[in-house]
Amino acid sequence: MVGFGGQFELAAHVVLAKLRTLEWIRVADPAAGVADDFQFKSSQRRHALQVKWSQLPGSFTWSDLTVGEKAKRDKKAEPGLFAKLAEAWQRLRATSTAPLTIYLCSNNHPSNAKATGKSPIASATAPGPLSFAAFLHQAYRPAREAIESGVAKWTDLALLPEIEQWSAVWDALRELSGLADDDFVLFVGDLDLVFGLQLANPLQRPDPAPVDLDVEHLASTLQKLVADPARPVELTREQLLDRLGWADRLQYRHRHLFPVPVAYARNEAAREALESALGEVWGGYLALVGPAGSGKSTLLATINFPGLVVRYYAFVPDAPDPLSGRGEADSFLHDLSLGLEESGLYRTGVGNDLRSRQAVLLDLLDRAGRRWATRGEATVIVLDGLDHVPREQRPSRSMLEELPAPAALPDGVFVVLGTQTVAVVPDAVQAVLADEHRTVVLPPLASAEVEQMRCSAVSSRSRLGRAGPTSCRGCSRRVQQGAVRRRRQVQRGAVAGRAGSYRAQFASVAEFGEARFSSIANFGVAQFASVAEFSEARFAGDAEFNEARFDGNARFDQAQFDAAWFNKAQFSHTAPYEVKPYLRPSSNTPQQAPSDNPDPSA
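Basis of the calculations
Residues numbered from 1 in each chain as written. Predicted model: local features only at pLDDT ≥ 70, side-chain atom pairs only at ≥ 80, totals over all residues. Heavy atoms only, no water. Helix = DSSP H or I, 4+ residues; strand = E, 2+ residues; numbered from the N terminus. Buried < 20%, exposed > 50% of the residue type's maximum accessible area, 1.4 Å probe, protein only. Contact = heavy atoms within 4.5 Å. Areas by Shrake-Rupley, 256 points an atom, 1.4 Å probe, with all protein chains shown as cover. Pairing = 2+ DSSP bridges. Axes fitted to C-alpha atoms, helices over the stretch in contact; angles between N-to-C directions. Parallel < 35°, antiparallel > 145°, perpendicular 65-115°, else oblique. Left-handed = near helix turned anticlockwise from the far one by under 90°. Nonpolar A, V, L, I, M, F, W, Y, C, P; charged D, E, K, R; others polar. Salt bridge = Lys/Arg side-chain N within 4 Å of Asp/Glu carboxyl O. pLDDT = per-residue confidence, 0-100. Expected span 1.5 Å × (residues − 1). 1 Å grid on protein atoms, 1.4 Å probe; cavity = no way out; pocket = protein on both sides within 12 Å on 5 of 7 lines; lining within 4 Å. Points joined across faces, edges and corners; volume = space filled by probe spheres on them. Phe/Tyr/Trp six-rings, centres within 6.5 Å; stacked < 30°, edge-to-face > 60°. Lys NZ or Arg CZ within 6 Å of the ring centre and 35° of its normal.

Q: What am I meant to see in the overall build of the protein here?
A: Of regular secondary structure, the protein possesses 18 helices and 25 strands. Among the 602 residues that make up the protein, the fraction classed as buried is 47%. If you take every contact in the protein between residues at least 6 apart in sequence, the share linking residues at least 24 apart comes to 58%. Total accessible area on the protein stands at roughly 29,600 Å², and carbon and sulfur atoms take up 50% of it.

So this is what it looks like as structure tokens:
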């Protein structure tokens, strides 16, 4: 691309690179002066580009930067590019206090030709050949580094050797800018001269490269934006994504958070085995295998993996969409790539189809390996619920078919699978997991862990206002406190629907496990004493307990009280009332209290 085409292709590459932190873009902004080719804001900093692009890259000289156009009959004299950049800098600084960087971008190379004649470069006292390229390397870039490190006054900057040896050049630039000395220092700190710029080389990209189609689509969209009769100068990121049809690119298809039960005891033996396995290999696949309900997913959700962790759940219980689309290869590649990008890796494009999304993921895995090699940061990818995909879902293409090949996982990149069986994964992955160091079979909980989970369950029930047998003083105290809170709630009529309590008394550790109180269930002056237990009992309709007494160990396990009427009824001792519907008698039928040991067949 040449001229405007090169400008828009460069802008497209910039947008793709900054998409996650991009706030807005501007094109052809008249308020930006010569830096109007492309502007964007990212990570709280404004950026403005002036692009000089050639079909056949050549040399960019001192004269190209500084010399303007002389006046002609029908045209006024124009200042040089450097003076125009200084003017653009002043304009943009006046519009906002946000940090600003002005760029002069060109695919031409700074001239290496030796300066002669009256050029200020020829007057420099620096060693070596005196050229525009030498000035940029020996003076301009070191000066910007000094300014970035805190030098803010020209009198201080002028004392540096990089300035003294090229003093004639700096004097010429100061005069061309028309800025006061200290403002000139700020301008140089904000002006980045980028020469020899090359857009992505096809030889250095995966094949096929998803970025190619993205860049083409973006560049075309930006060019159309300039030609739009409405002349929209600024687009927010959301508006730009909407024009591109990319609104879903920065959004997960599914949430990947696993709900950790309140009553949970971590399987320490499994944790230690998995951590040991991670420590014995440099990367690649590992698996945690165990039956349904054994705690695999919860363990994987709570273990502290080393390094940066990215998770993908093929199944999440109690989620609005526990199965919907999670097993699809397209969702898997999209969400996993987005998660890896959020871990700090640069994502080259997003991909428009399955093949291009595969290429994006493979490139991210390669970058994760380089991150490990250079910074020692491991990447752990947790893929859980895999057995649900072939058993319960019918994906058009299964995510299991798109698991990265073992050879595609470099050192420092671990993929931990959570599944009931490794038979669901591809043969190549199964072959790797056949190594005893890479597969952890979930062992049973230790007795202490079982006791801890039981205590956690009791404590959880107490927080919900339930009570029951306890195993330790702490749990007993919490249960009693929970029962008191529940009693007060019921006495205030806090149960669902219009359930009423009136003068009902709840004493000792009466337990309402998962009882449901709905509609207008009425507990007149009922007394609930000792350890009466209502586990999953349903009180619906017009159930009425008028002066009823529940003593001893009366137990109502899944009992249904629909329109039931218990007038002065007495429930005592160890009577188990299980799944027993009691219906309101007709007006001519006398009400009788149930016996202490009712006939189960009644």
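Q: Sorry, what's going on with the sheet that holds strand S3 (residues 45–52) here?
A: The pairing of strands in a sheet comes from backbone hydrogen bonds and takes either a parallel or an antiparallel form. Strands sit in the order S7-S5-S3-S2-S1-S8 across an open sheet of six strands; the sheet is mixed. One side of each edge strand has no neighbouring strand; the edge strands of this open sheet are strand S7 (191–194) and strand S8 (234–236). Geometrically, the sheet is characterised by an average inter-axis angle of 20° between neighbouring strands, direction not taken into account. Direction of pairing for S3 relative to strand S5 (residues 100–106): parallel, over a ladder of seven bridges. In the strand pairing of S5, Leu49 is matched with Tyr103. Strands strand S1 (22–26) and S8 of the sheet are contacted by helix H10 (residues 237–244), whose axis makes an angle of about 90° with S8.

Q: So what exactly am I meant to see when it comes to the packing of helix H13 (residues 329–342) against helix H14 (residues 354–375) here?
A: One way to put it is that H13 packs onto H14 with a least axis distance of 10 Å and a crossing angle of 30°. When the interaxial angle is binned, H13 and H14 end up roughly parallel. Relative to H14, H13 is oriented so that their crossing is left-handed. Counted together, Ala329, Asp330, Leu333, His334, Leu336, Ser337 and Leu340 of H13 and Leu354, Arg357, Gln358, Val360, Leu361, Leu364 and Leu365 of H14 form the full contact between these two elements. Among the residues making up the contact of H13 with H14, the classes are represented as nine nonpolar, three polar and two charged.

Q: What is the right way to look at the pattern of salt bridges in this model?
A: Think of it this way: side chains of opposite charge can pair up when their charged atoms draw near. Counted according to the given criterion, the structure contains 22 salt bridges. The partner of Arg271 in a salt bridge is Glu275, and the shortest N-O contact between them spans 2.8 Å. A residue pair is termed a helical-turn pair when its members lie 3 or 4 positions apart in one helix, as Arg271 and Glu275 do in helix H11 (residues 268–280) at four residues. Judged by its relative accessible area of 33%, Glu275 is partly exposed. In the salt-bridge network here, residues are joined through shared partners; they are Glu268, Arg271, Glu272 and Glu275.

Q: When you look at the confidence of the model for the protein in this model, what are you seeing that I'm missing?
A: For the protein, mean pLDDT is 77; residues scoring 70 or higher make up 68% of the total. Confidence scores differ between elements of the protein, with strand S14 (residues 505–506) showing the lowest mean pLDDT of 42 and S7 the highest of 97. Within the model, pLDDT remains below 50 along residues 482–511, and this stretch shows 74 contacts once partners closer than five positions in the same chain are excluded.

Q: Would you mind showing me how to read H11 here?
A: One turn of the α-helix equals 3.6 residues, which is why residues spaced by three or four share an orientation. With 13 residues, H11 should reach 18 Å at 1.5 Å per residue; the first-to-last C-alpha distance of 18 Å fits that figure. In this structure, the buried side of H11 is in contact with strand S9 (284–289), helix H12 (296–302), strand S12 (413–419) and strand S13 (439–441).

Q: Looking at this structure, I do not really get empty space enclosed by the protein. What am I missing?
A: Unoccupied space between atoms shows up once a probe the size of one water molecule is rolled over them. Summed over the entire model, instances satisfying the criterion amount to two cavities of 30 Å³ or more. Volume-wise, the second largest cavity comes out at about 50 Å³. Lining of the second largest cavity is provided by Leu16, Leu19, Leu250, Glu341, Arg347, Gly349 and Val350. The residue makeup of the lining of the second largest cavity, split by class, is four nonpolar, one polar and two charged.

Q: Explain the pairing of S12 here, please?
A: Looking along a regular strand, one sees the side chains alternate between the two faces of the sheet. With seven of its seven residues buried, S12 lies for the most part within the structure. With burial as the criterion, each face of S12 is covered, one bearing Val413, Val415, Leu417 and Thr419 and the other bearing Phe414, Val416 and Gly418. Pairing of S9 with S12 involves six bridges; the strand directions are parallel. Looking across to S12, one finds that Leu288 is bridged to Gly418. Bridging between strand S11 (residues 379–384) and S12 involves six bridges; their strand directions are parallel. Looking at the pairing, Thr379 lines up with Val413 of S12.

Q: Would you explain the packing of aromatic side chains in this entry?
A: For any two aromatic rings, the description comes down to two numbers: the centre-to-centre distance and the angle of the planes. Here the structure, examined in full by the defined rule, presents 15 aromatic pairs. Site record: aromatic cluster; members linked through ring pairs are Phe135, Tyr140, Trp154, Trp166, Trp170 and Phe184. Between Arg26 and the ring centre of Trp24, over which it is positioned, the NZ or CZ distance is 4.0 Å.

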